[in-house]
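# Structural description and commentary
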Amino acid sequence: MEVPRLDHTLNSPTSPCEEVIKNLSLEAIQLCDRDGNKSQDSGIAEMEELPVPHNIKISNITCDSFKISWEMDSKSKDRITHYFIDLNKKENKNSNKFKHKDVPTKLVAKAVPLPMTVRGHWFLSPRTEYTVAVQTASKQVDGDYVVSEWSEIIEFCTADYSKVHLTQLLEKAEVIAGRMLKFSVFYRNQHKEYFDYIREHHGNAMQPSVKDNSGSHGSPISGKLEGIFFSCSTEFNTGKPPQDSPYGRYRFEIVAEKLFNPNTNLYFGDFYCMYTAYHYVILVIAPVGSPGDEFCKQRLPQLNSKDNKFLTCTEEDGVLVYHHAQDVILEVIYTDPVDLSLGTVAEITGHQLMSLSTANAKKDPSCKTCNISVGR
């Protein structure tokens, strides 16, 4: 059964709002905690014997929903009118001890057939570990509840964004992408020591590495996809790459055709900002049939390389011509090794602007431009 989305929390099971939403299968109220400590205004009566849920099962997990079921003894089962669900983010031992803890989510659901769906982007975030426990309850004529003991505590982790969610991000990014500018090279900035290491230890070939956790928290490529980051943005007045970079004073440049051509596929990976006015779009280029291509096919929306709002490769008079979006900063991930002999390495004349680095950068969850109505 689908659980309708609510926009607020009821303070009491006897709230007047209850009659308005009596047909909904999920209501949020304040309940006693797992230790049995009752809220002063919770309206929960003294415990009577009700079956305690056990053997809890979590299934069909998405980034903002899950299905839950459990087993119960048949004794007094017919008296059950509601289920109380205690949902909490799992404590992170490395979290800031001085930061306010997340407020636990206490839910009450009418006793519908199991499994039932718990859905809500306002209390479920993608890629997040949660604990859940359940009580059975019987609502009395005076509005109070008789409840069972809490079940055992179960742990689970929500999923990444699906292709549906990423398509929503893609459509938002298209709105602000702007006009297309011509470019001819991809480039990658690093420190001199990086390129020396590549020559000495990797036979002159830059190797893919696992993407960091920058961008949207629910992005399926963060911490999973292996690739090499490239840029392709150009200066409006020169049509050439900018001379400044946040990543190092040495730059590898490679002709665009060697990375992006009819033998590669293009995917949309993410759209985010870092509390700034400008936005980033992550694209993935993967050689057809490569491991990176197979990874992306299962998880990311594929773009038409000749016709999209971000990065295109078209043929004009027998020559491949390349364009990139002007109003977003493109971060391009190439999923295969790249030999330095395919391009050139040279020192840039500009500055190293560390403030523009996106390494492990966290997305602004309040930005209306680049967020969608699921967990951030």
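Anything mentioned here points back to the structure above.
One structure accompanies this document, and this report is about it. As the structure is a prediction and not an experimental result, all values here were calculated from the model.

Attention now moves to the sheet that holds strand E10 (residues 180-183). Pairing between sheet strands relies on hydrogen bonds along the backbone, with the strands arranged either parallel or antiparallel. Spatially, E10-E20-E19 is the arrangement adopted by the three strands of the open sheet, whose pairing is antiparallel. Unpaired on one side and paired on the other, E10 and strand E19 (311-316) mark the two borders of the sheet. Sheet twist, expressed as the mean angle between neighbouring strand axes with direction ignored, is 35°.

What follows covers the environment of Trp70. Take Trp70: it is sitting in strand E3 (residues 65-71). Here Trp70 is in contact with Pro53, His54, Asn55, Ile56, Tyr83, Leu114, Met116 and Val134, once residues within four sequence places are set aside.

Taken as a whole and judged by the stated rule, the model has twelve aromatic pairs. Summarising the aromatic geometry, the rings of Phe84 and Tyr145 are spaced 5.2 Å apart at their centres and angled 65° between planes, so their arrangement reads as edge-to-face. Separated by 61 residues along the polypeptide, Phe84 in strand E4 (residues 82-89) and Tyr145 in strand E8 (residues 145-147) bring together distant segments of the chain. Residue classification places Tyr145 among the buried positions, given a relative accessible area of 0%.

Moving on, we come to the side chain of Ser214. Tracing the backbone through its elements, the reader meets Ser214 in the loop between strand E13 (209-210) and strand E14 (226-230). The exposure class of Ser214 is buried, given its relative accessible area of 3%. A distance of 2.7 Å separates a polar atom in the side chain of Ser214 from a polar atom in the side chain of Asp212.

Below, the discussion takes up helix H4 (residues 291-299). Within H4, the full set of buried residues consists of Gly292, Asp293, Phe295 and Cys296. Buried residues in H4, looked at end-on, bunch into an arc of 160°, giving them a common side. The outward face of H4, more than 90 degrees from its buried face, is lined by the exposed residues Pro291 and Gln298.

Moving on to the nonpolar core. Phe186, Met206, Phe230, Phe268, Phe310 and Leu311 are the most contacted members of the largest nonpolar core, which has 57 residues in total. Residue contributions to this core peak at seven residues, all from strand E17 (residues 280-287). Ignoring sequence-local partners within four residues, the contact set of Phe186 consists of Phe230, Ser231, Cys232, Phe252, Glu253, Ile254, Ala256, Leu259, Phe260, Ile285, Leu311 and Val332. Within the second largest apolar cluster, 23 residues are counted, among which are Phe66, Tyr83, Leu107 and Val112.

The subject of this paragraph is the pairing of strand E9 (residues 154-157). Alternating positions in E9 separate cleanly, Ile154 and Phe156 being buried on one face and Glu155 and Cys157 remaining unburied on the opposite face. Note that strand E7 (residues 129-139) and E9 share four bridges and pair antiparallel. Paired with Val132 across the bridge in E9 is Ile154.

For Asn371, the position within the fold is in the segment after strand E23 (344-347). The buried category is assigned to Asn371, whose relative accessible area is 7%. At 2.8 Å, the side chain of Asn371 and the backbone oxygen of Cys367 are in polar contact.

Reading across from one edge, E2-E3-E6 is the order of the three strands in this open sheet, with antiparallel pairing throughout. Looking at which strands have only one partner, the edges of the open sheet turn out to be strand E2 (54-59) and strand E6 (116-119). Going across the sheet, the axis of each strand differs from the next one's by a mean of 30°, ignoring polarity. Where E2 and E3 come together, four bridges link them in antiparallel fashion.

What follows concerns the environment of Ser184. Of note, Ser184 is situated in the loop between E10 and strand E11 (185-190). Owing to a relative accessible area of 49%, Ser184 belongs among the partly exposed residues under this scheme. Each C-alpha atom of the pair Ser184 and Gly239 lies 9.0 Å from the other, and the pair is 55 residues apart in sequence. The residues touching Ser184, leaving out its near neighbours within four places in the chain, are Ile254, Val255 and Ala256.

What follows concerns unusual backbone geometry. Excluding glycine, residues mostly have negative phi values, and the peptide bonds linking residues are mostly trans. Leu114 connects to Pro115 through a cis peptide bond whose omega is 0°. Summarising the element assignment, Pro115 is placed in the loop between strand E5 (105-110) and E6. Backbone geometry places Asn55, a non-glycine residue, at a positive phi of 55°. Among the secondary structure elements, Asn55 is positioned in strand E2. With a relative accessible area of 31%, Asn55 lands in the partly exposed category. Positive phi values are uncommon outside glycine, yet Arg127 reaches one of about 50°. Take Arg127: it is sitting in the loop between E6 and E7.

Calculation criteria
Every chain is numbered independently, its residues counted from 1 as its sequence is written. Where local features are concerned, this predicted model is filtered to residues with pLDDT of at least 70; where side-chain atom pairs are given and counted, the filter is 80 or more; whole-chain, interface and lining totals use all residues. In computing side-chain values, all of the structure's heavy atoms are included and hydrogens and water are not. Only strands that DSSP links by at least two bridges are regarded as paired with each other. For the purposes of this entry, the term helix denotes a DSSP run of H or I that reaches at least four residues, the term strand denotes a run of E that reaches at least two, and both are numbered from the N terminus. Simply put, an axis is a line fit to the C-alpha atoms, just over the touching stretch for a helix, and the angle between two N-to-C directions goes from 0 to 180 degrees. Working rule for contacts: check all heavy atoms of both residues, and any pair within 4.5 Å makes them a contact. In summary, the pairing rule links any two rings of Phe, Tyr or Trp, Trp by its six-membered ring, whose centres are within 6.5 Å, and it sorts them by plane angle into stacked for under 30 degrees, edge-to-face for over 60 and tilted for everything else. Burial classes: relative accessible area under 20% of the type maximum marks a residue as buried, over 50% as exposed, and values in between as partly exposed (1.4 Å probe, protein chains only). Whenever two N or O atoms come within 3.5 Å, that pair is a polar contact, provided that in protein one can donate a hydrogen and the other can accept it, and provided that, for residues adjacent in sequence, both atoms are side-chain atoms. The directions from the helix axis to the C-beta atoms form the arc being described. Buried Ala, Val, Leu, Ile, Met, Phe, Trp, Tyr and Cys residues form a nonpolar core when they are joined through side-chain atoms within 4.5 Å.

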